[in-house]
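Chain residues, written in single-letter form:
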Amino acid sequence: MPSDTPLWQPDEGRIADSNLRRFMDAASGLTGRPFEHYDSLYRWSVDDKESFWSLLWDHCGVIGHKGERILVDGGDIEKATWFPDARLNFAENLLRRDDDTIAIHFRAEDSVQRTMSWRELRRQVACVAGWLARQGVGPGDRVAGYVANMPEAVVAMLATASLGGIWTSTSPDFGEESVIERFGQTEPAILFAIDGYFYNGKVIDVRERAAAVQAAIPSVRQTVMIPLAGLDTPEGMLPWHSLIERSDPPELVFEPRGFNDPLYILYSSGTTGKPKCITHKVGGVLLQHLKEHRLHCDVRPGDRVFYFTTCGWMMWNWLVSALASEASLVLYDGSPFYPSGNVLWDYAEATGITLFGTSAKYIDALKNAGLEPARSHALPDLRTLCSTGSVLAPESFDYVYGAIKRDLCLASISGGTDIVSCFVLGCPIRPVWRGESQCRGLGMAVDVFDDAGRPVRGEKGELVCTQTFPCQPAFFWGDPDGEKYHEAYFARFPNCWHHGDYVELTGHDGVIIHGRSDATLNPGGVRIGTAEIYRHVEQLDEIAESLVIGQEWDNDVRIVLFLVLSGPARLDDALARKIRNTIRHKCSPRHVPAKILQVTEIPRTRSGKMVEIAVREVVHGHPVKNLHALANPDALEQYRDRPELQS
């Protein structure tokens, strides 16, 4: 399709009926300026950020006291303080409804299926909060979840937040050492753990690991076992039902908190050392997620919002916040291809999902499997498809519109655990262009810098944010002087957030993500984003997956490409020539790999991201600091001491 033709364009009715259009009208009423297009609204949102974020609070009906001051020390991105006088409670803003309509749909493969009403959700939160309070949990105390993506995880988080506590979680596929490494730093008072979970039709027993975590962390006073797999509760742990089976649940009380008080602790992947404990703010998370859901994703009351995620990925925190927009959550735990590749689309059809969120890798897997949900499923309610986790290739945009749904806002979003939200998002009133994320997020002064710190457009560079924003982390837990926090984001460019993505601003004011900056290739001093190579290599029928690194060689850097082949394909001279020719003609001669090697597996984090840096360290004979962070650490052995890389 020609590059001057969008893949999708919202019609006038959809634009007029959007939440974003209503917000633009509110902004016009506040400023006396007409906002007819997203671009003018975006510019105002960063030029007059205090007015924007204050209006967002009012427009979204945040429950709490906003206070008079919006921003203090706004010129210093590290010291800036948003809404310093505000008081609010996160759980209160998510539990706005109290009726018998469905708040949560839940499936665990084909083994468990149930729903929970808004009224029952509030009742269980009240029960668990009452129990937590009796255990002495209050403002600032940590409560941890070693849990599946299920209603009980939502209940435990909301109960913690209602008391002003801090919630932190990992998924049950994490090994005990990885969990101890995370929770051991944040020292939770209470641990919620799952008995077991389902994956590919099998039951995975988690009880021994949960007991080991409990024993290894002295701060844990009590462990509550949540049933999913129907296994017995170990001695020394409390069964979940003992907390919630009360005929007289206590009154649900919401402890007021400051806007900048801690709410969540999330963890970096830990592939280059001990995971960083990124601590996020009550008000920053709430306001940012309200903005992203309502304005960028057009989420409305009664919508059904789904994201394929685990409790160890920030997208779970993002998903749960959809309750604040009075939408129902659609939760799924297990394999997305069991018992068939249609399982998530069966679920979407049955529940009437309006926002379907997933990873770019899942979309590629659907495409490679030849599945076409548009032909096999009725999806009349589906309005938005979000993709994140890795770069969504232009060809995958084509697949979505050809095989999933034609009238669909495809939002390739990007941000991260660092901000538990996004810098780059979708926009329900703008067109979708092939291979591009639609826009920069409102209120986020996103720019692209070259290595000298100069803004560039139409060129690749570093993604930065040049102004403060409310969802910056409060701090890193266990970093009392803030040194690690400063080094992570502010050391590269003065008074500027440096995110670590290699990106490009386009002529449509969209964004193209080219990969992580620290994985960028640099042969002959020319920077090359890894996504450029993956895009073209993985279009070849013979290639299932690929991973590329730069190897230091002969006082320069040479490109090494590792391949997982499809089916009966063999890496012979003919296939190697085909790969090199494809890269030479569709990228450039500088992109052509010096070495092409076959492997059977790509090493990944537990959230499914490739670990290019860990492979690069292994190839250079350096130790990988934290193998526990990987879902499949043994895969690295295929990259170690390869004789082909010695010449």
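Procedures and definitions
All chains use their own residue numbering, which begins from 1 and follows the written sequence. Given that the model is predicted, a residue must reach a pLDDT of at least 70 before its local features are reported, and side-chain atom pairs must reach 80 or more before they are shown or counted; all residues, however, enter totals for whole chains, interfaces and linings. Heavy atoms from the whole structure form the basis of all side-chain values; hydrogens and water molecules are not counted. Two aromatic rings, drawn from Phe, Tyr or Trp (for Trp, its six-membered ring), form a pair once their centres lie within 6.5 Å of each other, and the interplanar angle then sorts them: stacked below 30 degrees, edge-to-face above 60, tilted otherwise. Consider the ring centre and the ring normal. A charge sits over the ring if Lys NZ or Arg CZ is within 6 Å of that centre and within 35 degrees of that normal. Think of a salt bridge as a Lys or Arg side-chain nitrogen and an Asp or Glu carboxyl oxygen that are within 4 Å of each other. Helix and strand assignments follow DSSP, with helices taken as H or I runs no shorter than four residues and strands as E runs no shorter than two, numbered in order from the N terminus. Between buried and exposed lies partly exposed: a residue is buried under 20% and exposed over 50% of the maximum accessible area for its type, with that area taken using a 1.4 Å probe on protein chains only. Here, strands pair whenever DSSP counts at least two bridges between them. Throughout, an axis means a line fitted to C-alpha atoms (over the contacting stretch in the case of helices), and angles, computed between N-to-C directions, take values from 0 to 180 degrees. We call two residues in contact when some of their heavy atoms are within 4.5 Å. Points on a 1 Å grid, built from protein atoms alone, make a cavity when a 1.4 Å probe fits but cannot get out and make a pocket when they are open with protein on both sides within 12 Å along at least 5 of 7 lines; residues with an atom within 4 Å of a point are the lining residues. Grid points are joined across faces, edges and corners, and a volume is the space filled by probe spheres set on the points. Each residue is assigned to one of three groups, with Ala, Val, Leu, Ile, Met, Phe, Trp, Tyr, Cys and Pro labelled nonpolar, Asp, Glu, Lys and Arg labelled charged, and all others, Gly among them, labelled polar. Roughly parallel means an angle under 35 degrees; roughly antiparallel means over 145; roughly perpendicular covers 65 to 115; every other angle is labelled oblique. Left-handed is the label given to a crossing in which the near helix is rotated counterclockwise from the far helix by less than a right angle, and right-handed is the label when the rotation is clockwise. Multiplying 1.5 Å by the helix residue count minus one yields the expected span of that helix.

Asks: So what's going on with the packing of aromatic side chains? Which residues, and what values?
Replies: Taken as a whole and assessed by the stated rule, the structure comprises 37 aromatic pairs. Through pairs of rings, three or more aromatic residues link up here, namely Phe23, Phe35, Trp44, Phe52, Trp53, Trp57, Trp82, Phe83 and Phe259. Above the ring of tryptophan 553, the side-chain terminus of arginine 558 is found at 3.9 Å from the ring centroid. Across the ring face of phenylalanine 174, the terminal group of arginine 606 is positioned such that the distance to the ring centre comes to 5.1 Å.

Asks: Break down the pattern of salt bridges for me, citing the residues and quoting the values.
Replies: A side chain of one charge can pair with a side chain of the opposite charge if their charged atoms are brought near each other. Applying the stated criterion across every chain yields a total of 37 salt bridges. Glutamate 120 is the partner of arginine 123 in a salt bridge, and the nearest nitrogen-oxygen pair spans 3.1 Å. Here arginine 123 pairs with glutamate 120, and both are found in helix H6 (residues 118-134), just three residues apart, close to one helical turn. Classification of arginine 123 by relative accessible area gives partly exposed; the value is 24%. We classify glutamate 120 as partly exposed; its relative accessible area is 26%.

Asks: Explain the sheet that holds strand S18 (residues 328-333) residue by residue, including any values.
Replies: Spatially, the seven strands line up as an open sheet ordered S6-S5-S18-S17-S19-S20-S21, and their pairing is mixed. Each edge of the open sheet is held by one strand with a lone partner, namely strand S6 (112-117) and strand S21 (409-412). Taken over all neighbouring pairs, the strand axes of this sheet differ in orientation by 15° on average, direction set aside. Strand direction decides the pairing type here: strand S20 (residues 384-388) and S21, joined by four bridges, are parallel. Within the sheet, the bridge partner assigned to threonine 384 lies in S21 and is cysteine 409. Taken strand by strand, H6 contacts strand S5 (102-108) and S6, and its axis lies near 85° from that of S6. Docked against the sheet, helix H13 (residues 343-351) engages S5, strand S17 (304-307), S18, strand S19 (355-359) and S20, running at close to 155° with respect to S18.

Asks: Break down the layout of surface pockets for me, citing the residues and quoting the values.
Replies: A probe matching the size of a water molecule, rolled over the atoms, marks out where space remains unfilled. The computed volume of the second largest pocket comes to approximately 180 Å³. Lining of the second largest pocket is provided by Glu12, Ile15, Arg21, Met24, Glu36, His37, Tyr38, Asp39, Ile429 and Arg430. Of all the secondary structure elements, the ones that give two or more residues to the lining of the second largest pocket are helix H1 (12-16), helix H2 (19-31) and helix H3 (38-47). Its residues placed into classes, the lining of the second largest pocket shows four nonpolar, one polar and five charged.

Asks: Go over empty space enclosed by the protein with me, naming the residues and quoting the values.
Replies: Tallied over the full model, the rule gives three cavities of 30 Å³ or more. Taken as a whole, the largest cavity holds about 40 Å³ of empty space. Forming the boundary of the largest cavity are Asn89, Phe90, Ala161, Gly164, Gly165, Arg257, Pro262, Leu263 and Val282. A class-by-class count of the residues in the lining of the largest cavity yields five nonpolar, three polar and one charged.

Asks: Residues and numbers for the packing of H2 against H3, please.
Replies: Contact pair H2 / H3: the axes reach a minimum separation of 11 Å and the direction vectors enclose 55°. By the angle between their axes, H2 is oblique relative to H3. Seen along the crossing, H2 lies across H3 with a hand that is left-handed. Side by side, H2 and H3 meet where Leu20, Phe23, Met24, Ala27, Leu30 and Thr31 of the first sit next to Tyr38, Leu41 and Trp44 of the second. Broken down by class, the residue content of the contact of H2 with H3 amounts to eight nonpolar, one polar and no charged.

Asks: Can you lay out the packing of H6 against helix H7 (residues 151-162) for me, pointing to particular residues and giving the numbers?
Replies: Packing of H6 against H7 leaves a shortest axis separation of 8 Å and a crossing angle of 60°. Taken together, the axes of H6 and H7 lie oblique to each other. Where H6 crosses over H7, the two elements pack in a sense that is right-handed. Together, Leu121, Gln124, Val125, Val128, Ala129 and Leu132 of H6 and Val155, Leu158, Ala159, Thr160 and Ser162 of H7 make up the contact between the two elements.

Asks: Help me get a handle on the pairing of strand S12 (residues 222-226), residues and values and all.
Replies: Counting buried positions over the five residues of S12 gives five, a clear majority of the element. Residues Gln222, Val224 and Ile226 of S12 are buried on one face, and the alternating residues Thr223 and Met225, pointing to the opposite face, are buried as well. Both strand S9 (residues 190-194) and S12 contribute to a ladder of five bridges, which runs parallel. Bridging across to S12, phenylalanine 192 finds its partner in valine 224.

Asks: Explain unusual backbone geometry to me, and be specific about the residues and the numbers.
Replies: The omega torsion of the bond from tyrosine 338 to proline 339 falls at 0°, within 30 degrees of zero and hence cis. Structurally, proline 339 is set in the loop between S18 and H13. In this structure, aspartate 298 is a non-glycine residue whose phi angle is positive, near 55°. Examined against the element boundaries, aspartate 298 turns out to sit in the loop between helix H11 (282-296) and S17. For aspartate 298, a relative accessible area of 2% puts it in the buried group. Phi is positive for aspartate 509, which is not a glycine, with a value near 65°.

Asks: Please set out H2 residue by residue, giving values where relevant.
Replies: Spanning 13 residues, H2 covers 18 Å between terminal C-alpha atoms, matching the ideal 18 Å at 1.5 Å per step. When we look at burial in H2, the residues that qualify are Asn19, Leu20, Arg21, Phe23, Met24, Ala27 and Ser28. Looking at the packing, one finds that the buried side of H2 touches H1, H3, helix H4 (49-59) and H11. At the exit of H2 stands glycine 32, carrying a positive phi of roughly 75°.

Asks: Run through the sheet that holds strand S30 (residues 543-553), naming residues and quoting values.
Replies: Pairing in this open sheet of three strands is mixed, and the strands run S30-S31-S32 from one edge to the other. Sheet topology places S30 and strand S32 (595-598) at the edges, where each strand pairs with a single neighbour. Between one strand axis and the next, the sheet turns by 25° as a mean value, whatever way the strands run. Here four bridges tie strand S31 (residues 556-565) to S32, and the two strands are oriented parallel to one another. Across the sheet, residue valine 560 finds its bridge partner in S32, namely lysine 595. Helix H20 (residues 612-619) contacts S30 and S31 of the sheet and is inclined by roughly 50° relative to S30.

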